[in-house]
Amino acid sequence: MVSDALAGVFHSLRIYHGPTAPRKAMDALYARFVSAGDIVFDIGAHVGDRVSSFRRLGARVVAVEPQPLLARVLTVIHGRDPDVVILPVAAGAGNGEQVLHINSRNPTVSTLSEAFPRNAAGAVGWEGQAWDASRVVPTIPRAALLERL
């Protein structure tokens, strides 16, 4: 399981931070909405490619990522940046805990939704995907994210 998770994370790092990552296209897209000095929330920040884009655009970022392995990746990449706050939690309606359904081989599509893995099973384009692990994660109310600044 751990090796699948690491392989999934390394795969994502190659795609989103590697030499062929679409940085210019991502920056051009987000520049339509994000300006220097803005505060941007990246909910489910994954490996931080959008955090990187938002920072290149001059925004301050709150990165929310409940998967411990991915939160560690974010800390390695962005943890020394004073304009990035990394919260290793899920964003939800209230305080507490929720079950995170983890797709170890494709951590991008891990989800808090109970229904998503069931609905994706057998759906076109989702062949071979499995939510093979779960973890109870702390949840912060979305409204409380502003207080973290």
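Here we summarise the structure given alongside this text. Here the structure is a predicted model, which is why all the values come from computation and not from measurement.

**Looking at a nonpolar patch on the surface**
So, point 1. Together, L6, F10 and L69 line one region of the surface with nonpolar side chains, adding up to about 240 Å² of accessible area.
So, point 2. Structurally, L6 is set in helix α1 (residues 2-17).
So, point 3. Using a relative accessible area of 34% as the deciding quantity, one classes L6 as partly exposed.

**A closer look at the sheet that holds strand β4 (residues 90-92)**
So, point 1. Here we have 3 strands laid out as an open sheet, ordered β4-β6-β5, and mixed in their pairing. At either margin of the open sheet sits one strand with a lone partner, and together these are β4 and β5 (96-102). Within the sheet, the average angular offset between the axes of one strand and its neighbour, ignoring direction, is 50°.
So, point 2. Here β5 runs beside strand β6 (residues 133-141); their pairing, made up of 7 bridges, is antiparallel. If you follow E97 over to β6, its bridge partner there is P138.

**Some points on the environment of I39**
So, point 1. Within the secondary structure layout, I39 lies in strand β1 (residues 39-43).
So, point 2. Placed 11 residues apart in sequence, I39 and R50 show a C-alpha to C-alpha distance of 13 Å.

**Quick word on the packing of aromatic side chains**
So, point 1. Tallying each qualifying case throughout the model produces 4 aromatic pairs.
So, point 2. Pairing Y30 with F54 gives two aromatic rings, centres 5.0 Å apart and planes at 75°, and the pair type is edge-to-face. Residue Y30 is located in helix α2 (residues 23-31), and its partner F54 is located in helix α3 (residues 49-56); the two are separated by 24 residues in the primary sequence.
So, point 3. On the basis of relative accessible area, Y30 is assigned to the buried category, the value being 18%.
So, point 4. The interplanar angle of 40° and the centroid separation of 6.1 Å between the aromatic rings of W126 and W131 together place this pair among those described as tilted.
So, point 5. Put simply, the rings of F116, W126 and W131 touch in pairs and so form one group of aromatic residues.

**Here we look at the nonpolar core**
So, point 1. Membership of the largest hydrophobic core comes to 13 residues, with the highest contact counts inside it found for Y30, V34, V51 and F54.
So, point 2. Contributions of two or more residues to this core are made by α2, α3 and β2 (60-64).
So, point 3. By size, the runner-up hydrophobic cluster in this structure holds 8 residues, among which are V62, V64, I140 and L145.

**Focus on the pairing of β6**
So, point 1. Sheet analysis places β4 next to β6, joined by 3 bridges and oriented parallel. Looking at β6, one finds that A90 is bridged to T139.

**A short note on the pairing of β2**
So, point 1. Buried residues dominate β2, accounting for 4 of its 5 residues.
So, point 2. As paired strands, β1 and β2 are joined by 5 bridges and run parallel to one another. The partner of I43 across the bridge, within β2, is V64.
So, point 3. Traced from β1 through α3 to β2, the parallel crossover comes out right-handed.
So, point 4. The pairing of β2 with strand β3 (residues 84-87) spans 4 bridges and is parallel.

Parameters at a glance
- Residues numbered from 1 in each chain as written.
- Predicted model: local features only at pLDDT ≥ 70, side-chain atom pairs only at ≥ 80, totals over all residues.
- Heavy atoms only, no water.
- Patch = residues over 30% accessible without salt bridge, like charges linked within 9 Å, V, L, I, M, F, W, Y side chains within 5 Å.
- Areas by Shrake-Rupley, 256 points an atom, 1.4 Å probe, with all protein chains shown as cover.
- Salt bridge = Lys/Arg side-chain N within 4 Å of Asp/Glu carboxyl O.
- Helix = DSSP H or I, 4+ residues; strand = E, 2+ residues; numbered from the N terminus.
- Buried < 20%, exposed > 50% of the residue type's maximum accessible area, 1.4 Å probe, protein only.
- Pairing = 2+ DSSP bridges.
- Axes fitted to C-alpha atoms, helices over the stretch in contact; angles between N-to-C directions.
- Phe/Tyr/Trp six-rings, centres within 6.5 Å; stacked < 30°, edge-to-face > 60°.
- Core = buried A, V, L, I, M, F, W, Y, C linked by side-chain atoms within 4.5 Å.
- Right-handed = clockwise from strand over helix to strand, strands pointing away.

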